Protein chains: 4
Amino acid sequence: MKRKYSVELSNVGQYVDRYMACGYNDDYSIEQLFDRAKSVKKITGCELCGTWHITEKNVEQIRDLIGSHDLQLVSIIPDYFAQRKWGHGAFTSPDPAIRQEAIRDTKVFMDICADLGGEIVTVWNGQDGYDYPFTTNYMESRTWIRDAMKECANYRKDIKLSIEYKPREPKMRSFMSDASSTLLLVNDVNEENLGVTLDFGHSIMGIENPAEAAHILKMYGNKLFHCHVNDNYGRWDDDCIAGTIHPIETTEYLYWVKRLGYDSWFSFDQYPYREDGRDALEEGIEWIETLGAVADSLDDDEVDEVIKTQNGVGFAKLIREHMFKVY
Amino acid sequence: MKRKYSVELSNVGQYVDRYMACGYNDDYSIEQLFDRAKSVKKITGCELCGTWHITEKNVEQIRDLIGSHDLQLVSIIPDYFAQRKWGHGAFTSPDPAIRQEAIRDTKVFMDICADLGGEIVTVWNGQDGYDYPFTTNYMESRTWIRDAMKECANYRKDIKLSIEYKPREPKMRSFMSDASSTLLLVNDVNEENLGVTLDFGHSIMGIENPAEAAHILKMYGNKLFHCHVNDNYGRWDDDCIAGTIHPIETTEYLYWVKRLGYDSWFSFDQYPYREDGRDALEEGIEWIETLGAVADSLDDDEVDEVIKTQNGVGFAKLIREHMFKVY
Amino acid sequence: MKRKYSVELSNVGQYVDRYMACGYNDDYSIEQLFDRAKSVKKITGCELCGTWHITEKNVEQIRDLIGSHDLQLVSIIPDYFAQRKWGHGAFTSPDPAIRQEAIRDTKVFMDICADLGGEIVTVWNGQDGYDYPFTTNYMESRTWIRDAMKECANYRKDIKLSIEYKPREPKMRSFMSDASSTLLLVNDVNEENLGVTLDFGHSIMGIENPAEAAHILKMYGNKLFHCHVNDNYGRWDDDCIAGTIHPIETTEYLYWVKRLGYDSWFSFDQYPYREDGRDALEEGIEWIETLGAVADSLDDDEVDEVIKTQNGVGFAKLIREHMFKVY
Amino acid sequence: MKRKYSVELSNVGQYVDRYMACGYNDDYSIEQLFDRAKSVKKITGCELCGTWHITEKNVEQIRDLIGSHDLQLVSIIPDYFAQRKWGHGAFTSPDPAIRQEAIRDTKVFMDICADLGGEIVTVWNGQDGYDYPFTTNYMESRTWIRDAMKECANYRKDIKLSIEYKPREPKMRSFMSDASSTLLLVNDVNEENLGVTLDFGHSIMGIENPAEAAHILKMYGNKLFHCHVNDNYGRWDDDCIAGTIHPIETTEYLYWVKRLGYDSWFSFDQYPYREDGRDALEEGIEWIETLGAVADSLDDDEVDEVIKTQNGVGFAKLIREHMFKVY
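Residues numbered from 1 in each chain as written. Chains lettered and ligands numbered in written order. Predicted model: local features only at pLDDT ≥ 70, side-chain atom pairs only at ≥ 80, totals over all residues. Heavy atoms only, no water.

**A word on the relation of the copies chain B and chain A**
Spelled out, the test is: We place the copies in one frame by least squares, fitting the C-alpha atoms of every residue whose pLDDT is at least 70 in both.
Once turned by 180° and shifted 0.0 Å along the axis, chain B lies on chain A with an RMSD of 0.0 Å. On this basis, the relationship between the two copies can be described by a two-fold rotation axis. When C-alpha distances to the rotation axis are compared across chain B, the minimum falls at S180(B), with a value of 2.6 Å.

**Re the interface of chain B and chain A**
Definition in use: The contact criterion used is simple: two residues touch if any of their non-hydrogen atoms lie within 4.5 Å. Two parts placed together each lose some accessible area under a 1.4 Å probe, and adding up what both lose gives the buried area. A carboxyl oxygen of Asp or Glu within 4 Å of a side-chain nitrogen of Lys or Arg is what we treat as a salt bridge. By the criterion applied in these results, polar contacts are pairs of N or O atoms within 3.5 Å in which, for protein atoms, one can donate a hydrogen and the other can accept it, and in which residues neighboring in sequence qualify only through two side-chain atoms. Going along the chain from the N terminus, every DSSP run of H or I of four or more residues is numbered as a helix, and every run of E of two or more is numbered as a strand. In this count, Pro and Cys sit with the nonpolar residues alongside Ala, Val, Leu, Ile, Met, Phe, Trp and Tyr, while Asp, Glu, Lys and Arg are called charged and the others, Gly among them, polar.
If you look at the interface, chain B gives 58 residues, while chain A gives 58 residues. Counting the surface lost from both chain B and chain A, the interface buries some 4,900 Å², and carbon and sulfur atoms represent 66% of this. Interface area lost by chain B to chain A is led by F134(B), L184(B) and Q310(B), which between them contribute 19%. Counting across the interface, chain B meets chain A through zero salt bridges. Summed over the shared surface of chain B and chain A, the number is 16 residue pairs in polar contact (both at pLDDT 80 or more). Looking at the side of chain B that touches chain A, the elements that each hand over two or more residues are β5 (129-130), α4 (138-155), β7 (173-174), α5 (179-189), α7 (210-219), α8 (247-259), α10 (300-309) and α11 (312-323) of chain B. Looking at the side of chain B that touches chain A element by element, the count peaks at seven residues for α5(B). A breakdown of the residues in the side of chain B that touches chain A according to their chemical character gives 27 nonpolar, 19 polar and 12 charged.

**Quick notes on the packing of aromatic side chains**
How we decide: Aromatic rings from Phe, Tyr and Trp, taking only the six-membered ring of Trp, are treated as a pair when their centres fall within 6.5 Å; an angle between ring planes under 30 degrees marks them as stacked, one over 60 as edge-to-face, and anything in between as tilted. When a residue's accessible area, from a 1.4 Å probe over protein chains only, is under 20% of the maximum for its type it is buried; when over 50% it is exposed; and in between it is partly exposed.
Tallied over the entire structure, the rule returns 82 aromatic pairs over all chains. With centroids separated by 4.9 Å and ring planes inclined at 50°, the aromatic side chains of F81(B) and W124(B) adopt a geometry described as tilted. Residue F81(B) is found in the loop between β3 (72-77) and α3 (96-115), and its partner W124(B) is found in the loop between β4 (120-123) and β5; the two are separated by 43 residues along the sequence. Taking relative accessible area as the criterion, F81(B) reaches 1% and is therefore assigned buried. Its relative accessible area of 7% is what places W124(B) among the buried residues. Arranged with centres 4.9 Å apart and planes meeting at 55°, the rings of Y80(D) and F91(D) form a pair that is tilted. Highlighted residues: Y80(D) in the loop between β3 (72-77) and α3 (96-115) and F91(D) in the loop between β3 and α3, separated in sequence by 11 residues. Classification of F91(D) as buried rests on a relative accessible area of 1%. Aromatic rings pair up to connect Y130(A), F134(A), Y138(A), F175(A), Y255(B) and W256(B) into one cluster.

**Some points on helix α4 (residues 138-155) of chain C**
Residue and element names in this part refer to chain C. Quick note on the threshold: Multiplying 1.5 Å by the residue count of a helix minus one yields the expected span of that helix. Picture the helix axis, draw a direction to every C-beta atom, and the arc is the one those directions span.
For α4, built from 18 residues, the straight-helix expectation of 26 Å at 1.5 Å per residue is met to within 8% by its first-to-last C-alpha distance of 26 Å. Along α4, the residues classified as buried are Y138, S141, R142, I145, A148, M149, C152 and A153. Projection of α4 onto a plane perpendicular to its axis shows the buried side chains occupying an angular sector of 130°, all on one side.

This is the structure we're talking about:
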């Protein structure tokens, strides 16, 4: 199976954290980010973050860069997280004017996305969450998100809105925290163009099994809109090189999303603080290609045979024989 | 607010684990379990497990014991976990005959429950899960559970079926693992008498915030049927004395379930391996009464004021002033 | 490199948990356990648990079984966890008579071990820990363990005592919880025949990296006495088939313990509740052989080159090229 | 008992994370930070970070500010984490020149600390760690840290060096990750003026029990040099308001460090991204004072009585009666 790969442009850029505010690497201009992404063989699409890469003012520049680099715009992720006004939430800010701005920005970027030939606006509303008990009326917050998603989804039906859930960070708890709780809201909104982005690492850090999360998104409404790949140690969004920490879960996930009919992008969302992001992206693709080849080498009947007996030994033998050079 | 307390009878019994198969305490007869439960002031209801406490054969004995101890039967939890046949799943066993048995047993205990004046049959299907990747067709398994729940819920509408989710144990991953994924299935079944049991500890070990889980269950279908109390360290179902590890989250949970209109039982599900279970139950009630009194002392307006500003300092001050003897 | 494999006999036996007290599989006699272990090609050694497999009374039977099965006795693990008297601790029981019994049993099994040609008595003191804050004087408990280890290590110097640490279970917290805290006690005792057993899964569940733990045990006193293999999901002692969850960490661990000069046994400590233990053991050996071959295929200079640049991309490329059939 | 409180100045400043690089709050000048810290009643000491607050060039300004605000300099934390050169480690950088700079800076700040009337230089070497398997020679890295600590501790004996361990962040794994592994290195160095800083939150996120960690640091070399207070949810260094997540563990910790003879500073290390840091500090002190009063109200004999029986029910009753306003 031929997989399509895109990259969120920050992957090949500079990385900061709360200690190293100056950044671990070099700074790159937006042109350089496009050059670096494009230099990676097999990258044919890109995702752009609001504020960081795309604003209402640089649309023409971005159009030129996408064109000159022959990349498809896969998704725009509006900024709901990097401006101080969002500090207490975007769609769930206590300030109704801020909530309105979040809605307005979403619509603006839906228009820009369509204008640039994109299909998906990703809603990663990382500041919509809470830090402490007794600081949130959970039902009111979820209602605010629902109403905003309803309004935006209806704004134009030719652009998909896809909520990217994540259990925590930057807030200590996110409202859109896992596949199922996000899906409950999505199904409550009930618009065809509203769905869910499954970020492999977010799923892992939320103690989900990503392959199972994909089934749930498929099963209750066919809402698996988009896939992000990366990896982590299961406790934090380390955004490691894809496949390198959970190769077997990654293989199962690649196997099942294919079998479930997902034929869209695998978009990289790595954040290799202390590596060169371009090299890490290139290597991440090699891992997904390698583990994808393992997944593709599995015969559905073989897999179903193991499933029929729920046999851990059968699983271990099957994967060992398909995965490893030496066995 | 006056809270009603019941107890799953194992709480006051013997405790085993995989090492101490002989048990940490004394063995108790079913009569002794009733005596011990009843001896705890404020206990007015009981929950019974299939096989361990109630079978098709001892219904008359149980009727007598309930009557003579003046306890209300709050729930029966059929055994889907303690007989070898369930080892590879009950409702999701690869063997269709086993799956049928799980359905049959559920109906049998619905009848018994009604006969004994109970209202709820709790479905804690702990063996319905998986240990390894590639050993499950997630969609098929969830469909089996859904179809079974549909059939059972329709069997008789005067008995509530309530699924008690838990992230793992005994299987390394459960299908009914958290509030939201369980609710998706429950809403797919769409029967009025099918809902969800929120076990505080299961929620904590699944990195949920129980107060938020209660909102989700309320918000999407009014499905918060039943509440279990206990506590743990966030990594395993330690079944500690209620309130003693997460007193503040417990207080928030008691506050919100009340505000959301829950006025039913708080059922104890502790498993104090190395304590006397009766004493631990008595002490657990004291903790819930104490933290419940803290919750009751909070004025909704005060809480809403903190929420309006999403202010962690406001939370900390509010709780400190209401909670502690010395401040 | 040729690795030596042994097995703790429970691996091929019956498995129980707190729900399935009747066991998930068949019961096996001690003779059958030996037969099943021996039937696995490459198993040349065995470990025996007190009470479960060996007692003061069946030494002659065990001698015969070891002999007739041509297995080497690798270790005896006295029972400090499966008899009710140990419920509040063995070496740290509040009852001094129980503490004395733990010491006495250790000496008895040191004698039996020597008598049967074994070299190591493993001290897995799982009940020496605590469940709640304020229930332990940590310094007194650690002193009790230290004094007991001192006395036992001095009892006879020709038998090694090796403490197997584990972060929790059965107690919610263990005193001998990780490599470093165990080593502090071991070095305080300061006897040549007292060391540490590194159980891969215990290390993983304690958020250690087992390869790093091995270095620490080596570095501060050369105390890596013994290695157990298995795997888990990082939150509990799932005792999965070795290698199947953390193949890369397992490979790093196999690589480094070899490079650090460890040339002793890899002893299986799996507990595959719902599989046939014999088959799971056979498969586990295949995984360790496979991942060991990956480790053996790494040239030290190649590894050192990656280390010299601390380069995650270099790691990912190196392992990908050595590990996978397809890349 | 009267407790002494100090504050690391960042606590009352601006907070950034990898998304909100612009900061959640206002920027404050160094003068403002001193003003804000001083405005909190009960704060009598301060800790200063290299680069952020103190450099070789602003020593006289800092001397004036300390003096004019009547604060005691409790500790200087040299910067080993916020300049790009430290990205691959400070004491463990692959580049020997960087390693020398880390040593040199430590000595410089030891001199400055002494000059300004301080007693402790805190070594929080957060970049000394690793992200991936196979990228580190663990023994070599630990040797570099040991040799550096030896050299620095010997540089002048009138200043204490105190290593602040932390399991992870910014690196995915730290070398100085927990109390015991840090202590092994400290004891290997074996200099009287080298010890350990116990940060409550770092201990909690490392699945330690801080009260137990304090015992270990006391027991093997009397190395509990300094205490930081804050709190988190057990999975990440959330740096919450002290006491608000783990009030009972905090109480046990305050109880035992007092009983173990610790009579030095409790230094606040909160990082309340979305609150006003000054208010959060004031509130954190109230929590420590409140929980400290609970700890002080416990009679040692009462505690020892619970310990003597290892009784969880006894613990629960004792704490409930001493802690809560309503019971």
